[in-house]
Amino acid sequence: MFSRLQRFYTSIKVVADMGMLALAFVLAYATRFSGIVPVTEGIPPWSDSFFSLLMVLVIFPVTFHQSRLYGTNRSRTNTGEVFEVFKSTITAALILVAVTYFVRERYSRLTLVIFIVYAFALVTCSRLVFRYVLSEIRRRGHNLKSILVIGAGDLGQRVIETVEHHRELGFRVTGVLTLRHEKVGQYVGGVRVIGHVDQVNAVLDAEPVDQVILALPLEGHARVKGLMDTLALRTVDVRVVPDLYQYITLYGGLEEFGGLPIIRLQGDPMEGWSRVAKRAFDISFSLLAILVTAPLMLATALAVRLTSRGPMLYRQERMGMDGRTFPILKFRTMRIDAEHSGAMMARKDDPRRTVIGTFLRKYSLDELPQFFNVLRGDMSLVGPRPERPVFIEEFKRQIPRYHLRHKVKAGITGWAQINGLRGQTCIEKRIEYDLYYIENWSLLMDLKILVRTALGGFLSKNAY
């Protein structure tokens, strides 16, 4: 029921957005060619703009989806909603310009600018009206469905918090039943414990309940069969929340395989088209980066060769996706005998650096050859920074969930790096940022990280 309602509200948002975008396109066309603005080359027929309208109705909703504008987010304020619509509108407009350029579609640039203004205004108004109407309906208590939660432990409390977080779906928890008599009368997540599980029949007779959610701990699962036999005689909807949240790590959830329900405790964050899109993104931008930085890489290579003895490039074993190792490419910044006594992390005022090495590390110029690693498929433009296998075994023992950062390709830059976590900074904090990136990945997020890196994110006091 929860997922069906979410899909229903999402479909309303999509349809409303597409309606507003179509209206904005028509109004922009009418405004541009109504005589308000002088027309020097004649008025183009409406049929010439029809293809552009079709692209708008595809590109904008897809971009909004990538920006998570179709997810339920009760914590987002009206101001936050407006800001997200603005960012997504600008991003979608840039994509539209790029697509129309490649397909040689004719359009009026001024019409496009007018359309962007109208689209932002109309979509924003539509979203704000939708939020206001929905909140008013819920605030007045209309069409609310009551839920009885069986289980007053941590899992039951999480169920209550989740239902409260998505109040726009029209559910409210009216009571909780517990396995422990001493909890009766107490409050869990702001909801009163109204009885023991043995009193489920009496509670259902006394209060109208639309849905029962079983949220029992693992040790209480022996009671499930008896409860299900009792509830089978009732007309209420019954849901079971398994006590497996403590084991779910990355991209866990419920899926179906041939009609068989399977609980996924740990999954791959990038599958199918997501992986294809990220690889295409990496190839395109790494080729562009190689072309743009080719003169700088040539100058850097010459500087390395002229200022120290040894090769220009340095290959070092790093661990990437799925724990596979690969040789990372860097401009050499240390003496050729830097690790004659064993592997060591770089440190501040490292005496092993060459004359030019300090400068290259400070401005991250030694990382430029890694664009070729991206092109080969060893790395991605954006992702957790790869570490050396010799250090990783120690990190795995010390830091819970460290291994999850290897569920994606390592990156030249990442969410942790643009937030100042480079060099010998807190490794636990870096892992926290890396996992946040993996769990919230999108192409727009990758683009944001690349832009921030280009605007100075590669500079850090911890780069040495």
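Here the structure is a predicted model, which is why all the values come from computation and not from measurement.

**Q** Report on the pattern of salt bridges, specifying residues and quantitative values.
**A** Applying the stated criterion to the full structure yields 15 salt bridges. Here Glu-84 and Lys-87 are joined by a salt bridge, their closest N and O atoms 3.5 Å apart. Of this pair, Glu-84 and Lys-87 are both found in helix α3 (residues 78-102), three residues apart, which corresponds to roughly one turn of the helix. Through salt bridges with shared partners, a single ionic network connects Asp-17, Glu-81, Arg-127 and Arg-131.

**Q** Now, about the packing of aromatic side chains: what can you tell me, with residues and values included?
**A** Applying the stated rule across the entire model yields nine aromatic pairs. For the pair Phe-25 and Phe-115, a centre-to-centre distance of 5.8 Å together with 70° between the ring planes defines the contact as edge-to-face. With a gap of 90 residues between them, Phe-25 in helix α1 (residues 2-32) and Phe-115 in helix α4 (residues 109-139) connect regions that are remote in the sequence. The exposure classification of Phe-25 matches that of Phe-115, with both residues buried. Taking the centre distance of 5.0 Å and the plane angle of 50° together, the rings of Phe-359 and Tyr-363 count as tilted. Overall, Phe-359 belongs to the partly exposed group, its relative accessible area being 44%. Ring-pair connections join several aromatic residues into one group, and the members of that group are Phe-25, Phe-60, Phe-64, Tyr-70 and Phe-115.

**Q** Please give an account of the sheet that holds strand β5 (residues 211-214) that cites residues and values.
**A** Taken together, the six strands give an open sheet; going across it, the order is β3-β4-β2-β1-β5-β6, and neighbouring strands pair in mixed fashion. A single partner strand is all that each edge strand has here, and the edge strands are β3 (187-188) and β6 (237-240). Direction of pairing for strand β1 (residues 145-150) relative to strand β2 (residues 171-178): parallel, over a ladder of six bridges. Bridge pairing links Val-149 to Val-176 in β2.

**Q** A description of the pairing of β1 should follow, citing residues and the corresponding values.
**A** For a regular strand, side chains alternate in direction, first toward one face of the sheet and then toward the other. Of all six residues in β1, five are buried, a share of seventy percent or more. Summarising the sheet, β1 and β5 pair through four bridges and their orientation is parallel. When the sheet's bridge partners are listed, Leu-148 is paired in β5 with Val-212.

**Q** Report on the nonpolar core, specifying residues and quantitative values.
**A** One finds Phe-331, Phe-371, Leu-381, Tyr-437 and Ile-449 to be the most contacted residues of the largest nonpolar core, which totals 39 residues. If you list the elements that add at least two residues to this core, you get α8 (273-307), β10 (325-331), α10 (370-376), β11 (380-382), α11 (389-398), α12 (415-418), α13 (427-439) and α14 (443-457). Element by element, the count of residues in this core is highest for α8, at six residues. Beyond its immediate sequence surroundings of up to four residues, Ile-449 is in contact with Val-382, Thr-413, Gly-414, Trp-415, Ile-418 and Tyr-437.

**Q** Could you give an account of the environment of Ser-364, with specific residues and numbers?
**A** Along the chain, the position of Ser-364 falls in the loop between α9 (357-362) and α10. Given the relative accessible area of 10%, Ser-364 is considered buried.

**Q** An account of the pairing of β6 is requested, with residue identities and associated values reported.
**A** As defined by bridge partners, β5 adjoins β6 across four bridges and the pair is classed as parallel. Across the sheet, Ile-213 pairs through a bridge with Arg-239, a residue of β6. Since β5 and β6 lie parallel, the crossover through helix α7 (residues 224-231) that links them has a hand, and here it is right-handed.

**Q** Please give an account of α11 that cites residues and values.
**A** Looking at α11, one finds that the buried residues are Pro-389, Phe-391, Ile-392 and Phe-395. Projection of α11 onto a plane perpendicular to its axis shows the buried side chains occupying an angular sector of 145°, all on one side. In α11, the exposed positions that point more than 90 degrees away from the buried face belong to Val-390 and Arg-397. Elements in contact with the buried residues of α11: β9 (313-319), β10 and α13.

**Q** Can you break down the side chain of Arg-127 residue by residue, with the values?
**A** Within the secondary structure layout, Arg-127 lies in helix α4. Using a relative accessible area of 3% as the deciding quantity, one classes Arg-127 as buried. Reaching out from Arg-127, the side chain makes a polar contact with the side chain of Asp-17 at a distance of 2.8 Å. Not counting the four nearest positions on each side in its chain, Arg-127 is found in contact with Lys-13, Asp-17, Leu-69, Tyr-70, Glu-81 and Val-85.

**Q** Please give an account of the confidence of the model for the chain that cites residues and values.
**A** Residues at a pLDDT of 70 or more form 79% of the chain, whose mean pLDDT is 81. The spread of mean pLDDT over the elements of the chain runs between strand β7 (residues 253-257), the lowest at 61, and α10, the highest at 95.

**Q** Before we move on, could you go through unusual backbone geometry and cite the residues and values that matter?
**A** A positive phi angle is found at Asp-322, which is not glycine, with a value near 60°. Inspection of the secondary structure assignment puts Asp-322 in the loop between β9 and β10. The phi angle at Ser-364 is positive, at roughly 60°, despite the residue not being glycine.

**Q** Break down the environment of Met-270 for me, citing the residues and quoting the values.
**A** Turning to its location among the elements, Met-270 is positioned in the loop between β8 (260-264) and α8. C-alpha of Met-270 to C-alpha of Val-408: the two residues are 138 residues apart in sequence and 7.5 Å apart in space. With residues near it in sequence (within four places) discarded, Met-270 still touches Arg-275, Lys-278, Val-408, Tyr-437 and Trp-441.

About the criteria used
Residues numbered from 1 in each chain as written. Predicted model: local features only at pLDDT ≥ 70, side-chain atom pairs only at ≥ 80, totals over all residues. Heavy atoms only, no water. Salt bridge = Lys/Arg side-chain N within 4 Å of Asp/Glu carboxyl O. Helix = DSSP H or I, 4+ residues; strand = E, 2+ residues; numbered from the N terminus. Phe/Tyr/Trp six-rings, centres within 6.5 Å; stacked < 30°, edge-to-face > 60°. Buried < 20%, exposed > 50% of the residue type's maximum accessible area, 1.4 Å probe, protein only. Pairing = 2+ DSSP bridges. Core = buried A, V, L, I, M, F, W, Y, C linked by side-chain atoms within 4.5 Å. Contact = heavy atoms within 4.5 Å. Right-handed = clockwise from strand over helix to strand, strands pointing away. Arc of directions from axis to C-beta. Polar contact = N/O pair within 3.5 Å; in protein donor to acceptor, adjacent residues only side chain to side chain. pLDDT = per-residue confidence, 0-100.

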